[in-house]
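One letter stands for each residue in the lines below.
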Amino acid sequence: MVFNFSSTNIAAHMTLRRIVDRSPSFNRLHLIVLLIFILSFHGCTGIREVIDNLPLQRYQVEMIEKNDFLIEKDDDVIGRVAIIRIEKDDTLPDIARHFGLGINTISAANPDIDIWVPEAGERILLPMSFILPDTHREGIVINLAAMRLFAFYGNGDPLAVSTYPVGIGTAERPTPTGQMHVTHKKSRPTWYVPASIAEEHRQKGDPLPPEVPPGPLNPLGEHALYLNKPAYLIHGTNKPASIGLRATNGCIRLYPEDVKRLFENSPVESPVNIVYQPYLVGQRDGIVYMEVHKPFDASDTTELKKAYTTLRNIEENSGYTLDWPKVEAVVAEARGFPVPISEGSNPGVNGVLEAIELAHPGNLYGQPEIPELETDAWYVLAAILDDKVDAKRLAAIINHQGPQIPARVVSRGGRHRVLAGPFNTRSAADDAAKRLRIDLEIDGLLIEP
Amino acid sequence: MKKCLLLVSTMLVLAIALGGCATRRDLEEVQAREKAISAKADQAAQDAQDAKAAADEAVLKANEAAARAEEAAKNAEEREKIAAEKERIAEEKLRLAEEKLKLAEEKAELVEAAFKKSMKK
């Protein structure tokens, strides 16, 4: 069924540009003043109140490292926590990608924030700090629980590490743990569709060819590192919003810009160690930290018991005194970033006191662009909704499909239409409608020019 | 004989005189007593009347108080009914809000599930 499009409301989407505040370097005096100010909130306020009342200076986003770190000897913690203020049209997946995080990490750190329609002006945590997995620091190490990859370079002191968020296998097709290595690499790889996946797609009315050549429809993206375990790869993606999700068939996915760097810096034969460590304990500058990720199986307490053993050993053997109530709180909250747990350490709320506020960048890297409305193009009406936020959420999800399907909300008469498009041809509109039906179970209506 | 008659007559006259005097005194006494008694009676009557009036007044006041109490009880009952109705409406609103929230959460979960499913190969 088709009908003429006659909307008169065209929303102009402007990306707000922030004038960067070139402030002086963060120094000890500022830290002390900050500490005194924040101590007045200690014990009475939740993390939201602390974030909202932090009187922090702003820094350019370039001033905080997101991927590449040097590890001082005996240190286990890299990076730092930051805070940023949401601007209009931001989504958490876009912010996550810009700051080298997965959707899992940013949403676990900000559980009360709407992933797709966060409120402009709200400040959120950017947990750009990580405890290194408890394993040999060599080659590529992937912690499935954190959905994070660490690539170690060199063997000197300090050791260099690059870290990237990853997407991993589903519960039905999990990524295996264990020691592997890279057997070969390929740029612009062809995807040879496994029989089981071909059958799945066939059943949902989306038959796949036996091979998918390089291009926007190839789920492997532009680079692939093949592992000695057959059919398991580390590769890019055409669905960047899937990084931080359990959405693959067992492979490891990275953002396109991250897999390119890994591809270039990881030789064939690089060891690859895939571990599952939801409870991480480490130290930096004499402070013990704990980082907890929600376990895949809440009923399995094996890893938790291991963590408590580690903590007791630390207390017994290293002279640290741990704040056990805080340990329990960190375990319960599972916020996914390092929190100081040794007594006498920073009294802040979940490490927020160590955060700095970042100026919002002019543009978020990889943020989907939405073409201007055109009256002589095809569209697909995905939904008409009474609630504008619901409509914006649906439009954001459609925009973040891989490949992108541009979508927007057009409001009139108190109702909000989610329109996918513009498309130059009916065929392109048909394809988009088919993808909406298969991937999102949306029966869209074609709207002709 | 004449002396006896004279004595008797004299005694009779004396008695009558004395008796007349006695009667007058008695009468005065009686009158005084009557007056006193009348005064007492009047007072008693007045007292009784006053008491009755007071009693009537008390009854009236009691009736008025009873009427007021009844009125107050009716008003309280009315207010209770209104409060109960308001509470029922508030509970209904809360229930509807909770249902709406639950539906919104279910919708959000479905949307998120659809999004995660769409992110698979």
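Residues numbered from 1 in each chain as written. Chains lettered and ligands numbered in written order. Predicted model: local features only at pLDDT ≥ 70, side-chain atom pairs only at ≥ 80, totals over all residues.

K.L.:
Lay out the overall build of chain B in plain terms, naming residues and giving numbers.
P.N.:
The helix and strand tally for chain B stands at one helix and zero strands. Scaling as 2.2 N^0.38, a compact globule of 121 residues should have a C-alpha radius of gyration of about 14 Å, whereas chain B reaches 50 Å, well beyond that. With the C-alpha coordinates aligned to their principal axes, the bounding extent of chain B is approximately 170 × 15 × 10 Å. For chain B, buried positions account for 4% of its 121 residues. (Helix = DSSP H or I, 4+ residues; strand = E, 2+ residues; numbered from the N terminus. Rg over C-alpha atoms; globule rule 2.2 N^0.38 Å. Buried ≥ 20, exposed ≤ 12 C-beta atoms within 10 Å, placed from the backbone.)

K.L.:
A description of the domain arrangement of chain A should follow, citing residues and the corresponding values.
P.N.:
Residues and elements named next belong to chain A. Here the domain parsing of chain A yields domain 1 (3–14 + 367–448), domain 2 (28–132 + 278–358) and domain 3 (139–275). Inter-centroid distance (C-alpha atoms) of domain 1 to domain 3 is 31 Å. Among the residues forming the side of domain 1 that touches domain 3, the class breakdown is two nonpolar, two polar and no charged. (Domains from an automatic or database assignment. Nonpolar A, V, L, I, M, F, W, Y, C, P; charged D, E, K, R; others polar.)

K.L.:
Can you break down the nonpolar core residue by residue, with the values?
P.N.:
If you look at the biggest cluster of nonpolar residues, it comprises 111 residues, and the most contacted ones within it are Val380, Ala382 and Ala420 of chain A. When residues no more than four places from it in sequence are discounted, the contact partners of Ala382 of chain A are Leu394, Ile398, Ala407, Val418, Leu419, Ala420, Leu436, Ile442 and Gly444 of chain A. (Core = buried A, V, L, I, M, F, W, Y, C linked by C-beta atoms within 7 Å. Contact = placed C-beta atoms within 7 Å.)

K.L.:
Give me the lowdown on unusual backbone geometry, citing residues and values where you can.
P.N.:
Residue and element names in this part refer to chain A. Between Gly402 and the following residue, Pro403, the backbone shows a cis peptide bond with an omega angle of -10°. Relative to the helices and strands, Pro403 is located in the loop between α9 (388–399) and β23 (407–412). Residues Gly421 and Pro422 are joined by a peptide bond in cis, for which omega reads 10°.

K.L.:
Mind laying out the pairing of strand β22 (residues 378–385) of chain A, listing which residues take part and the relevant values?
P.N.:
Residue and element names in this part refer to chain A. Within β22, six of the eight residues are buried, leaving the element largely enclosed by the surrounding structure. As paired strands, β22 and strand β24 (residues 415–423) are joined by six bridges and run antiparallel to one another. Residue pairing across strands places Leu385 opposite His416, the latter belonging to β24. Sheet topology note: the β22/strand β25 (residues 445–448) ladder contains three bridges and is antiparallel. Within the sheet, the bridge partner assigned to Tyr379 lies in β25 and is Ile447. (Pairing = 2+ DSSP bridges.)

K.L.:
Account for the sheet that holds strand β20 (residues 339–340) of chain A, naming residues and giving values.
P.N.:
Residue and element names in this part refer to chain A. Sheet architecture is open: three strands sit in the order β18-β19-β20, paired in antiparallel fashion. If you trace the sheet from one side to the other, it starts and ends with β18 (279–284) and β20, each paired once. In terms of strand pairing, β18 meets strand β19 (residues 287–292) through six bridges, oriented antiparallel. Paired with Arg284 across the two strands is Ile287, which belongs to β19.

K.L.:
So what's going on with the sheet that holds strand β3 (residues 68–71) of chain A? Residues and values would help.
P.N.:
Strands pair in a sheet through their backbones, by hydrogen bonds, and they do so in one of two ways: parallel or antiparallel. All names here are of chain A. The strand order across the open sheet built from nine strands is β3-β8-β7-β6-β17-β10-β13-β14-β16, with neighbouring strands paired in mixed fashion. Every other strand in the sheet has two partners, leaving β3 and β16 (252–253) as the edge strands with one partner each. When strand β10 (residues 178–187) meets strand β13 (residues 223–227), the two strands line up antiparallel, connected through five bridges. Residue pairing across strands places Ser187 opposite His223, the latter belonging to β13.

K.L.:
Account for the interface of chain B and chain A, with residues named and values stated.
P.N.:
Residue-level contacts link eight residues of chain B with 17 residues of chain A. Of the residues that constitute the side of chain B that touches chain A, the class distribution is four nonpolar, one polar and three charged.

K.L.:
Pulling in residues and values, what's your account of the environment of His201 of chain A?
P.N.:
Tracing the backbone shows His201 of chain A in helix α5 (residues 195–203). In contact with His201 of chain A, other than residues within four places in its own chain, are Asp206, Pro207 and Leu208 of chain A.

K.L.:
Let's hear about the confidence of the model for chain A: which residues, and what values?
P.N.:
The predicted model of chain A has a mean per-residue pLDDT of 86, with 84% of residues at 70 or higher. In the model, residues 29–45 of chain A has pLDDT below 50 throughout and makes 12 contacts with residues more than four positions away in sequence or in other chains. (pLDDT = per-residue confidence, 0-100.)

K.L.:
An account of the pairing of strand β17 (residues 271–275) of chain A is needed here, citing residue identities and associated values.
P.N.:
Put simply, side chains in a regular strand alternate between the two faces of the sheet. All names here are of chain A. Note that strand β6 (residues 139–143) and β17 share four bridges and pair parallel. Bridge pairing in β17 links Val141 to Asn273. As paired strands, β10 and β17 are joined by four bridges and run antiparallel to one another. Directly across from His181, in β17, lies its bridge partner Pro271.

K.L.:
Help me get a handle on the environment of Val330 of chain A, residues and values and all.
P.N.:
Residue and element names in this part refer to chain A. Inspection of the secondary structure assignment puts Val330 in helix α8 (residues 324–333). Separated by 200 residues in the primary sequence, Val330 and Phe130 place their C-alpha atoms 15 Å from one another. Residues in contact with Val330, not counting those within four places in the same chain, are Met290, Val292, Val339 and Ile341.

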